[in-house]
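Each chain is listed here by its residues.
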Amino acid sequence: MQLTAIGVAGLVEVLVLVGHVIVGQCGALGGVAETGLGCNGYDAASTTGLSMVGAFVVEIVLTCVFVLTILGVTADGKTSHFGGLVIGLTLTFVHIMGIPLTGTSVNPARSFGPALAMAVTGNTLALEQVWVFIFAPLAGAALAAAIFRGFKSFYGSEA
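Here the structure is a predicted model, which is why all the values come from computation and not from measurement.

Definitions and cut-offs
Residues numbered from 1 in each chain as written. Predicted model: local features only at pLDDT ≥ 70, side-chain atom pairs only at ≥ 80, totals over all residues. Heavy atoms only, no water. Patch = residues over 30% accessible without salt bridge, like charges linked within 9 Å, V, L, I, M, F, W, Y side chains within 5 Å. Areas by Shrake-Rupley, 256 points an atom, 1.4 Å probe, with all protein chains shown as cover. Salt bridge = Lys/Arg side-chain N within 4 Å of Asp/Glu carboxyl O. Helix = DSSP H or I, 4+ residues; strand = E, 2+ residues; numbered from the N terminus. Buried < 20%, exposed > 50% of the residue type's maximum accessible area, 1.4 Å probe, protein only. Polar contact = N/O pair within 3.5 Å; in protein donor to acceptor, adjacent residues only side chain to side chain. Contact = heavy atoms within 4.5 Å. Axes fitted to C-alpha atoms, helices over the stretch in contact; angles between N-to-C directions. Parallel < 35°, antiparallel > 145°, perpendicular 65-115°, else oblique. Nonpolar A, V, L, I, M, F, W, Y, C, P; charged D, E, K, R; others polar. Core = buried A, V, L, I, M, F, W, Y, C linked by side-chain atoms within 4.5 Å.

1. Thoughts on a nonpolar patch on the surface
Here is step 1: On the surface, Met52, Val53, Val57, Val61, Val65, Phe93, Ile96, Met97, Trp131, Phe135 and Leu138 cluster together to form a nonpolar patch covering roughly 980 Å² of accessible area.
Here is step 2: Tallying contributions element by element places helix α3 (residues 52-74) first for the nonpolar patch, with five residues.
Here is step 3: Position of Val61 among the secondary structure elements: in helix α3.
Here is step 4: Given a relative accessible area of 44%, Val61 falls into the partly exposed group.

2. Comments concerning the side chain of Thr102
Here is step 1: Along the chain, the position of Thr102 falls in the loop between α5 (83-98) and α6 (108-120).
Here is step 2: With relative accessibility at 3%, the residue Thr102 sits in the buried group.
Here is step 3: A polar side-chain atom of Thr102 sits 2.5 Å from a polar atom in the side chain of Glu59.
Here is step 4: Excluding anything up to four places from it in sequence, Thr102 contacts Cys39, Asn40, Gly41, Leu50, Ala55, Val58, Glu59 and Phe133.

3. Looking at unusual backbone geometry
Here is step 1: Phi is positive for Thr104, close to 60°, though the residue is something other than glycine.
Here is step 2: Of note, Thr104 is situated in the loop between α5 and α6.

4. Structural notes on the packing of α6 against helix α7 (residues 125-155)
The packing of two helices is summarised by the inter-axis angle and the distance between the axes.
Here is step 1: Orientation of α6 relative to α7, taken along the N-to-C sense of each, is 175°, at an axis distance of 9 Å. With respect to α7, the element α6 is oriented roughly antiparallel. Contacts between α6 and α7 involve Pro108, Ser111, Phe112, Ala115, Leu116 and Ala119 from the former and Ala126, Leu127, Val130, Phe133, Ile134, Pro137 and Leu138 from the latter.
Here is step 2: The class makeup of the residues in the contact of α6 with α7 is twelve nonpolar, one polar and no charged.

5. Some words on the side chain of Glu59
Here is step 1: Structurally, Glu59 can be placed in helix α3.
Here is step 2: Setting aside its immediate chain neighbours within four residues, Glu59 contacts Thr102, Thr104, Ser105, Val106, Phe133, Ala136 and Pro137.

6. Notes on the nonpolar core
Here is step 1: Counting residues in hydrophobic clusters, the biggest one holds eleven residues: Tyr42, Leu50, Ala55, Val58, Leu62, Phe66, Ile70, Val94, Val106, Val132 and Phe133.
Here is step 2: In terms of residue count, the dominant contributor to this core is α3 (five residues).
Here is step 3: Sequence-distant contacts of Ala55, that is, excluding residues within four places in its chain, are made with Tyr42, Leu50, Thr102, Val132 and Phe133.
Here is step 4: Counting residues in each nonpolar core, the second largest holds six residues, with Cys64, Val67, Ala141 and Phe148 among its members.

Here it is as structure tokens:
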């Protein structure tokens, strides 16, 4: 997801971006047990009963916050040396906020693999809902890239 935002921000070639997405989706297939651990959902699949629109908004906002943090902390050598700490704490915050609502995707590969694995075991609900957890993080990453580019153009090379 982070590479997707970097691609949208114009910082990486499209071919690298496409390769990342394909490899990420393939790698995610092995990341779930039959228990459904790692599946995202809305309505009945959400622990809070969050609606589809609510889940879409939550995933956009959380992904935007996370990716904007990554772009911001790694854009300057002055802050990049503690980027891992900032990124890790932000990811923790995103998950603390999002797990009760949607299961927290913020990464399409992290959602697609568990949904596909659940479908193989006969439970197709996660696969039916996975489109939200693919498109909302992409929209959130694109929004983060646009905000980041806006900051860079407003503040010049300092942002």
